[in-house]
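Take a look at the letters that make up each chain.
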Amino acid sequence: VGGIAHTCEVVQGQIPPDIEGTLLRNGPALWERETGKGGKHKKQFLDGDGMVSTVAIKDSKAFFRNRFVRTDSFKKEQDAGRYLDMSIFTKEDPRDGNAFWNRLWKDMINGPPEPKDNAAYNVVHWAGSLCAVSYKRPWKLDTDNLKTIGRGKDTFSSLDYTAHYRPLREPGSSDAVHMVTMDPKTDWANNTSSYTFREIDEGGQLVKTSGPFVMEAGYNHDLIVTDNWYILFDSPVKMDYWRVLWGYPMQEESLGGTTKTDTSRMPRFRLFPRRGQNNNQVIEVEASRHTYAYHHINGFEEDGKIIFDTCIFDDYDLYFAGTIETDGKTTYPDSKFARFEIDPLAGTCSDRILDKTPFEFPMINENFHGKPYQYSFQVGVGYRESSGVYGPLQTLMKVSMDSTSKDSTKKDIDFWHPGVNRFCHEPSLVQKEGTTDEDDVWVLTVVYDAAEKSSYLAILDGKDFSKGAVATVKLPTLIPYGVHGSWTNEYICGDPNS
């Protein structure tokens, strides 16, 4: 809707009056253009151009805005009326010239490849700076109308980082919160990865930089941060040289499709010192099971051990098939809730499955990042067939554990099902005014209605989750099934008259 504010209609219930702030969502939203060579060029889901959507809430009223992120590539392609840049997950190459030669000569011989930055994977507001993020330097947006301002406009938009970050309260402080970001750079051709971690305070100052740490190439998607460690899960992945040398130049494989499952080694945890301990040396600990993890839940330290909770998958090659491309016949959700216990001194690891119900996009109360916790909220499956096959990821789940200790077990799972052909996006949590209990939160999720081709915002009570939405807010336009988002207590992109 071009960044214009639209008043949203509350079609059921009432928006709780103590909610004040802005829900931020980002995700791919433009996948198809003319090719310039005849016909259409269609991008894979994750390669679509990023569209940021906001729902600003105050005084039980909601205002909606959305806008495409005007990256350099987006503007260039808009002017040309077609795609011009190659992308990570799309097999076809839209660049001018011969695709085989472009990929062999430009990307492989004179590489590394430079895929399009679609700014589509997250959006975050920190220290007054609103940024759309993909996997490198973010794009700063105007907090009034979502216009793209550009890169390098302040500290937060001048640093390279991915769509995954952790706001973390400093030990011994009730006020100081640091935004912890991760900047990984992997060169598969030379088998090296470089990792840099940065911490930005609430005033927008860069207060700590750790790294770069250079080591053997790793496949890392998300991070966990505790009081003393930055922790990465390195999934066992390797280059498939047939896909590299033949499939990629022939457009039979995308750039992202040139890696594959590595059954010859176990996953490993990489523990990066946050306080300079261990002579600032990285500790690597082999994981206790062969698995893959992308989105982590939380981690904390107890009795010298590190607890690392995450969403695991059995097969790297089937990640998309088990999340956004399920068909219920040959592909279906199969993730699990796993807890790893790491002993950094002994260099050992053990694990147990806390729950086998498939899920993705887990979120916890941000006040408990890096701390012992008891509750997580995530997108879960809607049903299970008699054959044992799970349905698609469409509900919201609340997983409750019986305590906050490292030895805790699952106590309950509550579900909220939005209805047939409706799919919940990743949830965001808002601490209720005047409360401190971990699950005393409002749970906000955008719901995509595939049958009606529309979207709405649902608000649930984290304490009384299974009773359903306390408010349903109709959005003025469809929000495609997105990737990540966040909540800010700042009221931005709201009523233009306020």
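Here's what I pulled together on the structure shown here.

If you tally the helices and strands in the protein, you get three helices and 35 strands. Here the protein has a C-alpha radius of gyration of 22 Å; the compact-globule value for 498 residues is 23 Å, and the two agree. Once the C-alpha set of the protein is aligned to its principal axes, its extents read approximately 60 × 55 × 55 Å. Here the protein, with 498 residues, has 56% of them falling under the buried criterion.

Next up on the list: the sheet that holds strand 17 (residues 229-234). Sheet architecture is open: four strands sit in the order 16-17-20-21, paired in antiparallel fashion. Edge positions in the sheet fall to strand 16 (224-225) and strand 21 (283-286), since each of these pairs with one other strand and no more. Two elements, strand 16 and strand 17, share two bridges in a ladder whose sense is antiparallel. The residue bridging Val225 from the neighbouring strand is Tyr230, located in strand 17.

Right, let's get into the environment of Thr310. Note on placement: Thr310 falls in strand 23 (residues 305-313). Residues Thr310 and Ala99 lie 211 residues apart in sequence; the distance between their C-alpha atoms is 39 Å. If sequence neighbours within four positions are ignored, Thr310 has contacts with Ala293, His295, His296, Ile297, Lys336, Phe337, Ala338, Phe340 and Phe359. Among the polar contacts made by the side chain of Thr310, one reaches the side chain of His296 at a distance of 2.7 Å.

Another aspect to go through is the environment of Asp351. Relative to the assigned elements, Asp351 resides in strand 25 (residues 348-355). A distance of 2.5 Å separates polar atoms of two side chains, one belonging to Asp351 and the other to Ser288. A distance of 2.9 Å separates polar atoms of two side chains, one belonging to Asp351 and the other to Arg289.

Right, let's talk about the packing of aromatic side chains for a bit. According to the stated counting rule, one finds 19 aromatic pairs in the structure shown. Ring geometry for Trp101 versus Trp105: centroids 5.5 Å apart, planes at 5 degrees, classification stacked. Here Trp105 and Trp101 lie together in helix 2 (residues 99-109), a separation of four residues that amounts to about one turn. With a relative accessible area of 47%, Trp101 lands in the partly exposed category. With a centroid separation of 6.1 Å and an interplanar angle of 50 degrees, the aromatic rings of Phe233 and Phe340 are classed as tilted. With Phe233 in strand 17 and Phe340 in strand 24 (residues 336-343), the pair connects residues that are 107 residues apart, well separated along the chain.

The next subject is helix 2. Those residues of helix 2 that sit buried are Ala99, Asn102, Arg103 and Asp107. The arc that holds the buried residues of helix 2, viewed along the axis, is 90 degrees, so those residues lie on one side. The N-capping residue of helix 2, defined by a side-chain oxygen 3.0 Å from the backbone nitrogen of Phe100, is Asn98.

Here we take up helix 1 (residues 72-80). Among the residues making up helix 1, those that are buried are Ser73, Phe74 and Glu77. The buried residues of helix 1 all sit within an arc of 100 degrees when viewed along its axis, so they share a single face. Pointing more than 90 degrees away from the buried face of helix 1 are the exposed residues Asp72 and Asp79. Just downstream of helix 1 lies Gly81, where phi reads positive at about 75 degrees.

Together, Glu20, Asp59, Glu433 and Glu490 make up a region of like negative charge exposed at the surface. Along the chain, Asp59 turns up in the loop between strand 6 (49-58) and strand 7 (61-68).

This paragraph deals with the pattern of salt bridges. Oppositely charged side chains are able to pair whenever their charged atoms sit close together. Inspection of every chain in the model, using the stated rule, returns 40 salt bridges. Between Lys116 and Glu77 there is a salt bridge; the shortest N-O distance is 2.6 Å. Of this pair, Lys116 sits in the loop between helix 2 and strand 8 (122-126) while Glu77 sits in helix 1, and the two are 39 residues apart along the sequence. A salt bridge links Asp107 to Arg95, with the nearest nitrogen and oxygen atoms 2.8 Å apart. Of this pair, Asp107 sits in helix 2 while Arg95 sits in the loop between helix 1 and helix 2, placing them twelve residues apart in sequence. Of the two residues, Asp107 and Arg95, both sit in the buried class.

Further remarks concern the side chain of Thr291. Of note, Thr291 is situated in the loop between strand 21 and strand 22 (292-302). Of note is the side chain of Thr291, whose polar atom sits 2.8 Å from the backbone oxygen of Phe313. If near-sequence neighbours (up to four positions away) are discounted, Thr291 is found in contact with Phe233, Pro236, Pro267, Ile312, Phe313, Asp314 and Phe340.

The four strands lie next to each other as 22-23-24-25, forming an open sheet whose pairing is antiparallel. With partners counted over all chains shown, the strands left at the sheet margins are strand 22 and strand 25, one partner each. Each adjacent strand pair in this sheet contributes to an overall mean axis angle of 25 degrees, direction not counted. Where strand 22 lies against strand 23, eight bridges are found, and the strand directions are antiparallel.

Another aspect to go through is the pairing of strand 21. The alternating pattern of strand 21 places Ile283 and Val285 on a buried face, while none of Glu284 and Glu286, on the opposite face, is buried. Relative to strand 21, strand 20 (residues 268-273) is paired through four bridges, and the arrangement is antiparallel. Pairing of Leu271 across the sheet is with Ile283, part of strand 21.

Among the nonpolar cores identified, the biggest contains 22 residues, and Val55, Ile57, Leu444, Leu457 and Ile459 are the most heavily contacted of them. Mapped onto this core, the elements with two or more residues apiece are strand 3 (21-30), strand 6, strand 7, strand 32 (441-449), strand 33 (454-461) and strand 34 (469-474). In this structure, Leu444 is in contact with Ile19, Leu23, Ile57, Glu426, Pro427, Ser428, Val430, Leu457, Ala458, Ile459 and Trp487, ignoring residues within four places of it in sequence. Membership of the second largest hydrophobic core comes to 21 residues, among which are Phe377, Trp416, Val441 and Tyr481.

Each value, and the rule that gives it
Residues numbered from 1 in each chain as written. Predicted model: local features only at pLDDT ≥ 70, side-chain atom pairs only at ≥ 80, totals over all residues. Heavy atoms only, no water. Helix = DSSP H or I, 4+ residues; strand = E, 2+ residues; numbered from the N terminus. Rg over C-alpha atoms; globule rule 2.2 N^0.38 Å. Buried < 20%, exposed > 50% of the residue type's maximum accessible area, 1.4 Å probe, protein only. Pairing = 2+ DSSP bridges. Contact = heavy atoms within 4.5 Å. Polar contact = N/O pair within 3.5 Å; in protein donor to acceptor, adjacent residues only side chain to side chain. Phe/Tyr/Trp six-rings, centres within 6.5 Å; stacked < 30°, edge-to-face > 60°. Arc of directions from axis to C-beta. Patch = residues over 30% accessible without salt bridge, like charges linked within 9 Å, V, L, I, M, F, W, Y side chains within 5 Å. Areas by Shrake-Rupley, 256 points an atom, 1.4 Å probe, with all protein chains shown as cover. Salt bridge = Lys/Arg side-chain N within 4 Å of Asp/Glu carboxyl O. Lys, Arg positive; Asp, Glu negative; His and termini not counted. Charge placed at Lys NZ, Arg CZ, Asp CG, Glu CD. Axes fitted to C-alpha atoms, helices over the stretch in contact; angles between N-to-C directions. Core = buried A, V, L, I, M, F, W, Y, C linked by side-chain atoms within 4.5 Å.

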